[in-house]
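# Report on the structure
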Amino acid sequence: MSAVVVAPVVDVPPRTAVVLLGTGVVGRALLTLLATPAARSLRLVGAANSRRQHAVADGVVPAEVAERLSKGRDGRENAPLLAALDATGASRKVVIDATACATEASRHSEWLAAGYHVVTANKALAGGPLSGWRALQAASANGSIYGDAATVGAGLPVLSTLRRLRQCGDSLLTLEGVFSGSLSWLFNQYDGSRPFSALLRDARRLGFTEPDPRSDLSGEDVARKLLIIARNAGFSLGSEEVEIESLVPEALRSLDTKTFLDRLEELDEPLRKRQAAAKANGKVLRYLARLNQRGRARVGLFEVGPEHPASRLSGTDNQFALTTTRYHATPLVIQGPGAGPEITAQALLGDVLAL
């Protein structure tokens, strides 16, 4: 009888290994996607929240991440996560940043320069000071990819479309739109029949706003998105060059979150007057971002008439109207849901799979 020859087990390195920073609503949605057949070519080797990390080069089961993190010791550092990526021997090593942490964002250029790809929903670097944007561009010059689809429009094809137009010799002239899903929902609903504070409480309960709604109402998040788009279009705008109209009265800006939420009714009267004035003019209020040909950038509350595309939005829809040298007579409009952990997570996964 001839002997049976058993082939040795060979541990084949994965083509793409990933670590996930952030296990909040977006991170959890991404972990769900990483357990589907769409992500079968990826190996998750580590994950981290704000207090702990867990990393295993042989792979981490997405469904077990929460339990593994809960049993870990406090003490947050990225070194074990990067070591796990390196130990896999993968040809593509990816850091996915699903946090809103400025400290993590500040490391994006460092990771790119070290040869890791970075896929992110974190706007703090690309939409922050111009020096951070320039460091990001320099670090990407070595061939590492910066996947940023999830930073604007929850993955709507805004940045990819803009970059494709530029590659074909087109140029952005003006930009206007509604860039915030939460502010879109609020002003799509706000017709004077209910106080703004009541709608804001509804939006917060539905998960459309941040836990502290001032993150949305300040306009800072919209300004970061505007900067990211403008910079991708070739405008060297500094963060201080964006005019921002905050909807939060000065007296409410420095309060703790609970006290602010207890005093939401103080938002009502100023906005009631704005809404009544708009209605008298046959218009509605929309929180818009605008960029003109001279590079002037502004985000704030505007009155728009029934002919304006933003007047016909619904739900949490975002809208981006791009006027370019070739889309000149009629702007190119990109529109769709601009909020939600599932679509943001899908944008992150899409960027990883496109590497």
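Structure: see above.
The structure contained in this document is the topic of the report that follows. (Residues numbered from 1 in each chain as written. Predicted model: local features only at pLDDT ≥ 70, side-chain atom pairs only at ≥ 80, totals over all residues. Heavy atoms only, no water.)

### Digging into the packing of aromatic side chains
Rules: Stacked, edge-to-face and tilted labels apply to pairs of Phe, Tyr and Trp rings (six-membered ring for Trp) whose centres lie within 6.5 Å, assigned for plane angles under 30 degrees, over 60, and everything in between, in that order. Three exposure classes are used, based on accessible area relative to the maximum for each residue type with a 1.4 Å probe and protein chains only: buried under 20%, partly exposed in between, and exposed over 50%. Two conditions define a charge located above a ring, namely a distance within 6 Å from the ring centre to NZ of Lys or CZ of Arg, and an angle within 35 degrees of the ring normal.
The tally for this structure, following the rule as stated, stands at five aromatic pairs. Judged by centre distance (6.3 Å) and plane angle (75 degrees), the ring pair of Phe187 and Tyr190 falls under edge-to-face. What makes Tyr190 buried here is its relative accessible area of 9%. Positioned over the ring face of Phe302 is Arg290, at 4.1 Å from the centre of the ring.

### Observations concerning the packing of helix α7 (residues 158-167) against helix α11 (residues 220-232)
Put simply, the test is: Note on definitions: angles span 0 to 180 degrees between N-to-C directions of axes, and those axes are lines fitted to C-alpha atoms, for helices only across the stretch in contact. Strands here mean DSSP runs of E at least two residues long; helices mean DSSP runs of H or I at least four residues long; both are numbered from the N terminus. Just so you know how the angles are binned, under 35 degrees is roughly parallel, over 145 roughly antiparallel, 65 to 115 roughly perpendicular, and the rest oblique. Note: crossing handedness is left-handed where the near helix turns anticlockwise from the far helix by less than a right angle, and right-handed where it turns clockwise. Contacts between residues were defined by any pair of non-hydrogen atoms, one from each residue, lying within 4.5 Å. Classification convention: Asp, Glu, Lys, Arg as charged; Ala, Val, Leu, Ile, Met, Phe, Trp, Tyr, Cys, Pro as nonpolar; all other residues, Gly among them, as polar.
Interaxial distance between α7 and α11 falls to 9 Å at its minimum, and their mutual angle equals 20 degrees. Taken together, the axes of α7 and α11 lie roughly parallel to each other. Taken as a pair, α7 and α11 cross one another with a handedness that is right-handed. For the pair α7 and α11, contact is made by Val158, Leu159, Leu162, Arg163 and Arg166 and by Ile228, Ile229 and Asn232, respectively. Here the contact of α7 with α11 is composed, by residue class, of five nonpolar, one polar and two charged.

### Topic: the environment of Ser171
Within the element layout of this structure, Ser171 appears in the loop between α7 and β7 (172-178). Among the residues examined, Ser171 registers a relative accessible area of 36% and is labelled partly exposed. Separated by 45 residues in the primary sequence, Ser171 and Asp216 place their C-alpha atoms 30 Å from one another. Residues in contact with Ser171, not counting those within four places in the same chain, are Thr323, Thr324 and Thr325.

### Examining the sheet that holds strand β8 (residues 242-244)
The condition that has to hold: For two strands to be treated as a pair, DSSP must find at least two bridges joining them.
Read across the open sheet, the six strands follow the order β8-β10-β9-β7-β11-β12; overall the sheet is mixed. The open sheet terminates on both sides in strands that have one partner only, identified here as β8 and β12 (332-337). Across the sheet, the mean angle separating the axes of adjacent strands is 25 degrees when strand polarity is ignored. Here β7 pairs with strand β9 (residues 284-291) via three bridges, running antiparallel. Pairing of Gly177 across the sheet is with Ala289, part of β9.

### Comments concerning helix α14 (residues 341-353)
Just so we agree on the cut-off: One fewer than the residue count of a helix, multiplied by 1.5 Å, yields its expected span.
Compared with an ideal rise of 1.5 Å per residue, which puts 13 residues at 18 Å, α14 spans 18 Å between its outermost C-alpha atoms and is within 8% of the ideal. Residues Thr344, Ala345, Ala347, Leu348, Leu349, Asp351 and Val352 constitute the buried set of α14. Those residues of α14 that are buried are in contact with β1 (16-21), α1 (25-34), β2 (42-48), β4 (92-97), β5 (117-120) and β6 (146-147).

### Describing the environment of Ala83
One can find Ala83 in helix α3 (residues 79-88). Note on Ala83: relative accessible area 43%, which makes it partly exposed. With 26 residues separating them along the chain, Ala83 and Ala57 place their C-alpha atoms 8.2 Å apart.

### Regarding the pattern of salt bridges
For clarity, the threshold we go by: Between Lys or Arg on one side and Asp or Glu on the other, a salt bridge is scored when a side-chain nitrogen of the former is within 4 Å of a carboxyl oxygen of the latter.
Counted under the stated rule, the structure contains 22 salt bridges. Put simply, Lys93 and Asp86 hold a salt bridge, and the shortest N to O gap is 3.3 Å. A relative accessible area of 24% means that Lys93 is categorised as partly exposed. In this structure, Arg224 and Asp221 form a salt bridge, with 3.8 Å as the shortest nitrogen-oxygen distance. Of the two residues, Arg224 and Asp221 both sit in helix α11, three residues apart, roughly one turn of that helix. Owing to a relative accessible area of 17%, Asp221 belongs among the buried residues under this scheme. Each of Lys123, Asp221, Arg224 and Lys225 takes part in a single network of salt bridges with overlapping partners.

### Description of the packing of helix α8 (residues 181-189) against helix α9 (residues 196-205)
One can describe the packing of α8 onto α9 by two numbers: an axis separation of 10 Å at closest approach and a directional angle of 140 degrees. By the criterion of interaxial angle, the relationship of α8 to α9 is oblique. Every pair of crossing elements has a handedness; the one defined by α8 and α9 is right-handed. Along the contact surface, α8 presents Trp185, Leu186, Phe187 and Gln189, while α9 presents Phe196, Leu199, Leu200, Asp202 and Ala203.

### Remarks on the sheet that holds β4
Spatially, the six strands line up as an open sheet ordered β3-β2-β1-β4-β5-β6, and their pairing is mixed. Of all strands in the sheet, those with a lone pairing partner are β3 (53-55) and β6, marking the two edges. Bridge count between β5 and β6: two bridges; the pairing is parallel. Residue pairing for β6: Val119 is matched across the bridge by Gly147.

### What to know about the nonpolar core
Basically, it comes down to this: Definition of nonpolar core: a set of buried residues of the types Ala, Val, Leu, Ile, Met, Phe, Trp, Tyr and Cys, connected through side-chain atoms within 4.5 Å.
Formed by 71 residues in total, the largest nonpolar core has its most connected members in Leu186, Phe187, Leu217, Leu226, Ile229, Leu291 and Phe320. No other element matches the seven residues that α11 contributes to this core. Formed by 25 residues, the second largest nonpolar core is a distinct cluster that contains Leu34, Ala39, Ala47 and Ala98.

### Considerations on the pairing of β1
Every regular strand shows the same layout, with side chains that alternate between the two sheet faces. We count it as follows: With the strands pointing away from the viewer, any crossover whose connection runs clockwise from the first strand over the helix to the second is right-handed.
Most of β1 sits inside the fold, with six of its six residues counted as buried. Both faces of β1 are covered, namely the face carrying Thr16, Val18 and Leu20 and the face carrying Ala17, Val19 and Leu21. Pairing geometry for β1 and β2, over six bridges, is parallel. Paired with Val18 across the bridge in β2 is Leu44. Following the backbone out of β1, through α1 and into the adjacent parallel β2, one traces a crossover that is right-handed.

Geometric values such as these leave the question of function open.
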